[in-house]
Amino acid sequence: MPVYHLVEGSQGQVWDLTVMDDQLLCGHNSGTYRITDNGGWERLSSQAGGWRLHPLASRPGFALQGTYTGLGVYQRDGSGHWKYSHAISGFNEPIREVWEDSAGQIWLRHAHNGVYAINLSSDLRKVSGFKWAPAYPEEVQLKRDFRVSGGIRRVFTGWQDEMLFLRQNGNLLVARRDGLKAEFAVSHFSWMDDYENMVPLDSAYYLLCFEKGYALLPRREILTVRNRQLTTKPLIRQLAVVSGSEQRSFTFRDASSLLATLPVLDAGENHLVFRFSLPESIQEPLFSYRLVGLDEHWSDLSKVAEKEYASLRPGQYRFQVRSNADDTFTSLSFEILPPWYQSVWAYWSYFFLFCGLVGLSFYVHRRQVRTHQQKVRQQMEEQLAREQERHRQQLVQLQKEKLEQDVISKAEELANTTMNLIHKNDLLIKLKEEVEKLKDEVQQRQTIDQATGHINQLVKLIDSNLSSRQDWKVFEKNFNKVHEQFFKQLLNQYSGLTPDDLRLAAYLRMNLSSKEVAKLLNITVRGVELKRYRLRKRLNLEPEANLNEFMMAF
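Now for a look at the structure at hand. Predicted model only: the values in this text are computed from it and were never measured. Each chain carries its own residue numbering, running from 1 in the written order of its sequence. Given that this is a predicted model, residues contribute local features only at a pLDDT of at least 70 and side-chain atom pairs are listed and counted only at 80 or more, while totals for whole chains, interfaces and linings are drawn from all residues. Heavy atoms from the whole structure form the basis of all side-chain values; hydrogens and water molecules are not counted.

### Notes on a nonpolar patch on the surface
Alright, step 1. Patch construction takes residues with relative accessible area above 30% that form no salt bridge. Like charges are linked within 9 Å, and nonpolar side chains (Val, Leu, Ile, Met, Phe, Trp, Tyr) are linked within 5 Å. Methods summary: accessible areas were calculated by the Shrake-Rupley approach with a probe of 1.4 Å, and residue burial reflects only the protein chains presented. Any carboxyl oxygen of Asp or Glu that lies within 4 Å of a side-chain nitrogen of Lys or Arg is treated as forming a salt bridge with it. Residues W340, Y341, W345, Y347 and Y350 make up a contiguous nonpolar surface patch of roughly 660 Å² in combined accessible area.
Alright, step 2. Only DSSP runs of H or I reaching four residues or more are called helices, and only runs of E reaching two or more are called strands; each is numbered from the N terminus. Relative to the helices and strands, W345 is located in helix α4 (residues 344-444).
Alright, step 3. On the basis of relative accessible area, W345 is assigned to the exposed category, the value being 55%. The cut-offs for exposure are 20% and 50% of the maximum accessible area for each residue type, with area from a 1.4 Å probe on protein chains only; residues under the lower value are buried, those over the upper are exposed, and the others partly exposed.

### Regarding the pairing of strand β5 (residues 52-55)
Alright, step 1. Of the strand pairs in this sheet, β5 and strand β6 (residues 62-67) are connected by four bridges, and their pairing is antiparallel. Of the residues in β6, the one forming a bridge with L53 is Q65.
Alright, step 2. Hairpin geometry of β5 and β6 is characterised by an intervening segment of six residues between the two adjacent antiparallel strands and by a positive phi of about 90° at G61. Strand pairing is assigned whenever DSSP detects at least two bridges linking the two strands.

### Considering the side chain of R290
Alright, step 1. Residue position: R290 is located in strand β24 (residues 287-292).
Alright, step 2. Positive charges come from Lys and Arg alone, negative charges from Asp and Glu alone, with His and the N- and C-terminal ends not counted. Despite its burial, R290 pairs with no opposite charge; the closest candidate is E296, at 4.7 Å N-O.
Alright, step 3. Only 3.0 Å separates the side chain of R290 from the backbone oxygen of E296, close enough to count as a polar contact.
Alright, step 4. Under this definition, polar contacts are N or O atom pairs within 3.5 Å; protein pairs additionally need one hydrogen-donor-capable and one acceptor-capable atom, and for neighbouring residues in sequence, both atoms have to be side-chain atoms. Within the local environment of R290, its side chain forms a polar contact with the side chain of Q320, the two groups lying 2.7 Å apart.
Alright, step 5. Note on definitions: a residue-residue contact is assigned when non-hydrogen atoms from the two residues lie within 4.5 Å. Not counting the four nearest positions on each side in its chain, R290 is found in contact with D295, E296, H297, W298, Y309, R318, F319 and Q320.

### Thoughts on the packing of aromatic side chains
Two aromatic rings, taken as a pair, are described by how far apart their centres are and by the angle between their planes.
Alright, step 1. By convention, a stacked pair of Phe, Tyr or Trp rings (six-membered ring in the case of Trp) has centres within 6.5 Å and planes under 30 degrees apart, an edge-to-face pair has planes over 60 apart, and any other such pair is tilted. Throughout the structure, instances matching the rule amount to 28 aromatic pairs.
Alright, step 2. Centre to centre, the rings of Y116 and F130 are 5.8 Å apart; their planes meet at 70°, and the pair counts as edge-to-face. In this pair, Y116 sits in strand β11 (residues 115-120) while F130 sits in strand β12 (residues 127-133), placing the two residues 14 residues apart along the sequence.
Alright, step 3. Within the aromatic cluster, the residues linked to one another by ring pairs are F274, F276, F287, Y289, Y309, Y317, F319 and F334.

### A closer look at the layout of surface pockets
Alright, step 1. Within this model, the largest pocket holds a volume of roughly 1,300 Å³.
Alright, step 2. Cavities and pockets were defined on a 1 Å grid built from protein atoms only: a cavity is a group of points that admits a 1.4 Å probe but offers it no way out, a pocket is an open group of points flanked by protein on both sides within 12 Å along at least five of seven lines, and a lining residue is one with an atom within 4 Å of any such point. Surrounding the largest pocket, 35 residues form its lining, W15, R52, Y195, E196 and N197 being those nearest its centre.
Alright, step 3. Within the residue set of the lining of the largest pocket, elements represented by two or more residues are β1 (14-20), β5, β9 (95-100), α1 (137-145), β13 (152-157), β17 (197-200), β18 (205-210) and β19 (213-218).
Alright, step 4. Element by element, the count of residues in the lining of the largest pocket is highest for β1, at five residues.
Alright, step 5. Under the scheme applied, nonpolar residues are Ala, Val, Leu, Ile, Met, Phe, Trp, Tyr, Cys and Pro; charged residues are Asp, Glu, Lys and Arg; polar residues are all the others, including Gly. Here the residues of the lining of the largest pocket are counted per class, giving 19 nonpolar, five polar and 11 charged. Grid points are joined across faces, edges and corners, and a volume is the space filled by probe spheres set on the points.

### Considering the sheet that holds strand β16 (residues 181-184)
Alright, step 1. Taken in spatial order, the four strands line up as β13-β14-β15-β16 in an open sheet, and their pairing is antiparallel. Each edge of the sheet is formed by a strand with only one pairing partner; in this case those strands are β13 and β16. When the angles between neighbouring strand axes are averaged without regard to direction, this sheet yields 20°. Between N-to-C directions, angles cover 0 to 180 degrees, with each direction set by a line fitted to C-alpha atoms, over the stretch in contact for helices.

This is the structure:
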């Protein structure tokens, strides 16, 4: 009889084999099955992808299973057989692993996205609440307890108090609470992503489940590897010269080559980079370093595995580096030669040069005194020129103020002239009205014609004064003094304006009312409104535009 035989019907992906109450249950790609004592294949559930089946310690007689599409519940019947009961609603994510912590909290490991802490209803039929986390908190705490640094893919429970940490790069770290650690180099590609597994077979071996088979890890090797790793000191791998005429570096393969080398550098080769490492490190190492000859104090521990120094002075130095594993350190001595200008003959040259500079300084001082005198004279001339310019600007300002005062006086004179014209015409109009009345009375009483002739002559004289062109010329002259270029600009823009239009525009520019304009033009107010209307048409003003405001703003 062969050592093993195929269980008929089990072809395909077998994800889980769990023994519960002496029953071998198989999580399969096509469902979940029980393997009977005679090798039979009995289906328990057709829910695809039975990844992991876990009995609930908080609910004896029940077990949870993670599948492709969520969670399933299994229950032990009266005869002691496990049967599929139902699917849990409210959670449809693919779950690869199910477990309970010591407090009875149920945890789920998602197929691709962290872990979930869930709460189930009392009848185990739905998820009443859940919380996502990027990693299982107990695994994070285990890293702290065992002082493990770096990225960890999975954590597995080993034999007795040992824990196995699978690193992101594939290496396997075995750690104990007493501080023992041993790291085994394993290729990242050996493991099957998302399905890594390690099983403690007995006190002598661990079974490592790889993508293409299995491997045995003897536990006796843990102590051997650990002792070899503890004896490793930091190694200075390279001294790189960044500055200088040519780029060069010193590479050290081991401690013996490091001791046999004493780099001697030129003065310009004072920008250096030291690179170091901790071979066969158990965990991600931390380094501390110092440069004897520059500083005597060790640096703080850091993950950075290189140190750069710039602008080092000539002299002898000793670079030392240690790790957080112990206080032993590695040293590299080197020397930076002084530059040529610090030699003996260079110092004699400096002495003679100093003597020459002293003599030259006396000569330069005398020239500086003469230059200073010339500079003071030039400054005084410039100051005098500035004072003259300031007085000239003050004179210009005074002339400007005088011209502004003259404009104000002319404006007042124009206003007075205009008011005098208005009052004169107003008086002449009243006088004319009285003469007209007298003329009517004389005609009614049939007085002599000679008196009537004198009265007519008086009326003509009044009319001539009412429409005197001499008054308009005086007004126009004063107006142009105050409002320069007004008539010229108005005619340039509106060439069709008549002299009467210009005369009305001037009065409107002075903001005179229609009644005042009527007295100046010796016409009625209605006549003024007619003239305003004609002027608006010649100016092409909109109906809502104010003619007075237009003229005042022109």
